[in-house]
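Structural overview for review
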Amino acid sequence: MENKYASMTVNERLYLSGLMDEFDEAVQKKETETVRTILEKVHLTEGSIKSILEELKM
């Protein structure tokens, strides 16, 4: 299966998928598992997800 998000930034992926608002809300509420699930939905690697969670201090 081809990754429709290939070569897109995280923000582009979230916007295209319609998950931007849900992501922002989860970050604001410090809901780590929800953030992780959303990032998995836009096909980020585990390494990328871990880096983002660290950067967000979650």
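To keep things clear, this report deals only with the structure shown in the data block. Every chain is numbered independently, its residues counted from 1 as its sequence is written. Residues qualify for local features only when their pLDDT is at least 70, as the model is predicted, and side-chain atom pairs are given and counted only at 80 or more; totals for whole chains, interfaces and linings, by contrast, use all residues. Neither water nor hydrogens contribute to the side-chain values; these are computed over all heavy atoms in the structure.

Structural notes on the nonpolar core
Of all hydrophobic cores here, the largest spans 14 residues; its most connected members are Leu-14, Phe-23, Val-35, Leu-39, Val-42 and Leu-44. A run of H or I in DSSP becomes a helix once it reaches four residues, and a run of E becomes a strand once it reaches two; helices and strands are each numbered from the N terminus. Of all the elements in the fold, those that place two or more residues in this core are helix 2 (20–28), helix 3 (32–41) and helix 4 (46–55). Residues within four places of Phe-23 in sequence aside, it is in contact with Leu-14, Val-35, Ile-38, Leu-39 and Leu-56. The term nonpolar core refers to a set of buried residues drawn from Ala, Val, Leu, Ile, Met, Phe, Trp, Tyr and Cys, joined through side-chain atoms within 4.5 Å. When accessible area is computed with a 1.4 Å probe and restricted to protein chains, residues below 20% of their type maximum are described as buried, those above 50% as exposed, and intermediate ones as partly exposed. Note on contacts: a residue pair is in contact if any heavy atoms of the two residues lie within 4.5 Å.

Section: the pattern of salt bridges
Every case where a carboxyl oxygen of Asp or Glu lies within 4 Å of a side-chain nitrogen of Lys or Arg is listed as a salt bridge. The final tally for this structure, using the stated rule, is two salt bridges. Here Lys-29 makes a salt bridge to Glu-25, at a shortest N to O gap of 2.9 Å. In this structure, Arg-36 and Glu-46 form a salt bridge, with 2.9 Å as the shortest nitrogen-oxygen distance. In this pair, Arg-36 is assigned in helix 3 and Glu-46 in helix 4, connecting sequence segments ten residues apart.

Describing unusual backbone geometry
Of note, Ser-7 is a non-glycine position whose phi angle comes to about 65°, a positive value. Considering the arrangement of structural elements, one finds Ser-7 in the segment before helix 1 (10–17). Phi at Lys-30 takes a positive value of approximately 60°, unusual for a residue other than glycine. Along the chain, Lys-30 falls in the loop between helix 2 and helix 3.

A look at the packing of helix 2 against helix 3
Convention adopted: a line fitted to C-alpha atoms gives each axis, helices being fitted over their contacting stretch, and angles between N-to-C directions are expressed from 0 to 180 degrees. Helix 3 packs onto helix 2 with a crossing angle of 155° between their chain directions and a minimal axis gap of 8 Å. As far as their axial angle goes, helix 3 and helix 2 are roughly antiparallel. The element helix 2 and its partner helix 3 pack so that their crossing is left-handed. Contact residues: Glu-22, Phe-23, Ala-26 and Val-27 in helix 2; Thr-34, Val-35, Ile-38 and Leu-39 in helix 3. Only Asp, Glu, Lys and Arg are considered charged in this grouping, and only Ala, Val, Leu, Ile, Met, Phe, Trp, Tyr, Cys and Pro are considered nonpolar; every other residue, Gly among them, is considered polar. Class assignment of the residues belonging to the contact of helix 2 with helix 3 gives a composition of six nonpolar, one polar and one charged. Here the word oblique covers every angle except those under 35 degrees (roughly parallel), over 145 (roughly antiparallel) and from 65 to 115 (roughly perpendicular). By convention, the crossing between two helices is left-handed when the near helix turns anticlockwise from the far helix through less than a right angle, and right-handed when the turn is clockwise.

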